[in-house]
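Report on the structure
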Amino acid sequence: MSRLNILVVEDEDAIRAMLVMVLEQAGFKSIAATDAEDAQKILDDSSPDLILLDWMLPGISGVEWLRRLKKEPMYRDVPIILLTARGEEEDKVRGLGCGADDYITKPFSPKELVARIRAVLRRSGKIQGLAQIALGDLVLDTEQHRLSIGDKQLEVSPTEFRLMQFFMTHPDKVYSRTQLLDQVWGRSVYIEERTIDVHIRRLRKILSEHGREDLVQTVRGFGYRFSLID
Ligand code: CA
């Protein structure tokens, strides 16, 4: 399975541990470094798909290392998201044009972090064309049309597969039945809204066989949400 690999460079133990945990939960692989020198060593013998880089590091600062990387042809295309503290650093990074693909101001929520990472990966073409979408222990293979939880394969219909594909690429957001119809079935198809409910029910039944019916949540009066978080 080809999970994308993210290099985390952060000197604060608690934040580094949190970042690694959030990334793993979102289906990424991660390698962690505590400073730029450490990170450089890792970079030399692995090729991360993205670097999450803290601005304030002991020794070479995050932004200084970023500038060096952007000058090297071998590394200049690796997307980098800078982590900054609110205030002065944030102002500087905004004005700098230092080559970061994005920056996130501390404190941030795991959800925001993952959304930013996915956006940068999409922009840099790392997600597009990916045959596999992984979210936690769920893996959806768009080439083989297979959905699995851990090592168990799920028997889903083509419609339920498309529904899961939409959900897994749009987690944690609420969609109305109309929105789901547009996104999953397409605008040109006329289907009654309660058809959605039928498919959701079937999907939940399949997920419940693996104890995961909670993944698809009903938001009363609005629609449905797919989330790994209760
Ligand atoms: Ca720091």
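This text goes with the structure placed above it.
Here's a quick rundown of the structure.

About the criteria used
Residues numbered from 1 in each chain as written. Predicted model: local features only at pLDDT ≥ 70, side-chain atom pairs only at ≥ 80, totals over all residues. Heavy atoms only, no water. Axes fitted to C-alpha atoms, helices over the stretch in contact; angles between N-to-C directions. Helix = DSSP H or I, 4+ residues; strand = E, 2+ residues; numbered from the N terminus. Parallel < 35°, antiparallel > 145°, perpendicular 65-115°, else oblique. Contact = heavy atoms within 4.5 Å. Nonpolar A, V, L, I, M, F, W, Y, C, P; charged D, E, K, R; others polar. Donors = N, O, S within 2.8 Å, 3.2 Å for Na, K, Ca; no water. Buried < 20%, exposed > 50% of the residue type's maximum accessible area, 1.4 Å probe, protein only. Core = buried A, V, L, I, M, F, W, Y, C linked by side-chain atoms within 4.5 Å. Salt bridge = Lys/Arg side-chain N within 4 Å of Asp/Glu carboxyl O.

Between helix α6 (residues 158-169) and helix α7 (residues 177-185), the least distance of the axes is 10 Å, while the angle of their chain directions is 110 degrees. Comparing their axes, α7 and α6 come out roughly perpendicular. Residue-level inspection shows Thr 159, Arg 162, Leu 163, Phe 166 and Phe 167 of α6 in contact with α7, the latter providing Leu 180, Gln 183, Val 184 and Trp 185. Within the contact of α6 with α7, the residues separate by chemical class into six nonpolar, two polar and one charged.

The subject of this paragraph is the coordination of the calcium ion. Distances from the calcium ion to its protein donors, Asp 11 (OD), Asp 54 (OD) and Met 56 (O), fall at 2.1 to 2.3 Å. Of note, the donors binding the calcium ion are all from one chain and are spaced D-x42-D-x1-M. Linking Asp 11 in the loop between β1 (5-9) and α1 (13-25) with Asp 54 in strand β3 (residues 50-54), this pair joins segments that are 43 residues apart in sequence. Judged by relative accessible area, Asp 11 falls into the partly exposed class, the value being 28%.

Turning our attention to the nonpolar core. The biggest cluster of nonpolar side chains holds 28 residues, and the ones touching the most others in it are Leu 138, Met 164, Phe 167, Met 168, Val 216 and Phe 226. Those elements giving two or more residues to this core turn out to be β6 (132-135), β7 (138-141), β8 (146-149), α6, α7, α8 (193-208) and β12 (223-226). Residue contributions to this core peak at six residues, all from α6. If we skip the residues at most four places from it in the chain, Leu 138 touches Ile 133, Leu 147, Ser 148, Ile 149, Met 164, Met 168, Leu 215, Phe 226 and Leu 228.

Applying the stated criterion across every chain, the model contains 12 salt bridges. Its salt-bridge partner being Glu 64, residue Arg 67 comes within 3.7 Å of it at the nearest N-O pair. Of this pair, Arg 67 and Glu 64 both sit in helix α3 (residues 62-71), three residues apart, roughly one helical turn. Taking the shortest distance from any N to any O, the salt bridge between Arg 116 and Asp 102 comes out at 3.2 Å. In this pair, Arg 116 sits in helix α5 (residues 110-123) while Asp 102 sits in strand β5 (residues 102-106), placing the two residues 14 residues apart along the sequence. For Asp 102, a relative accessible area of 19% puts it in the buried group.

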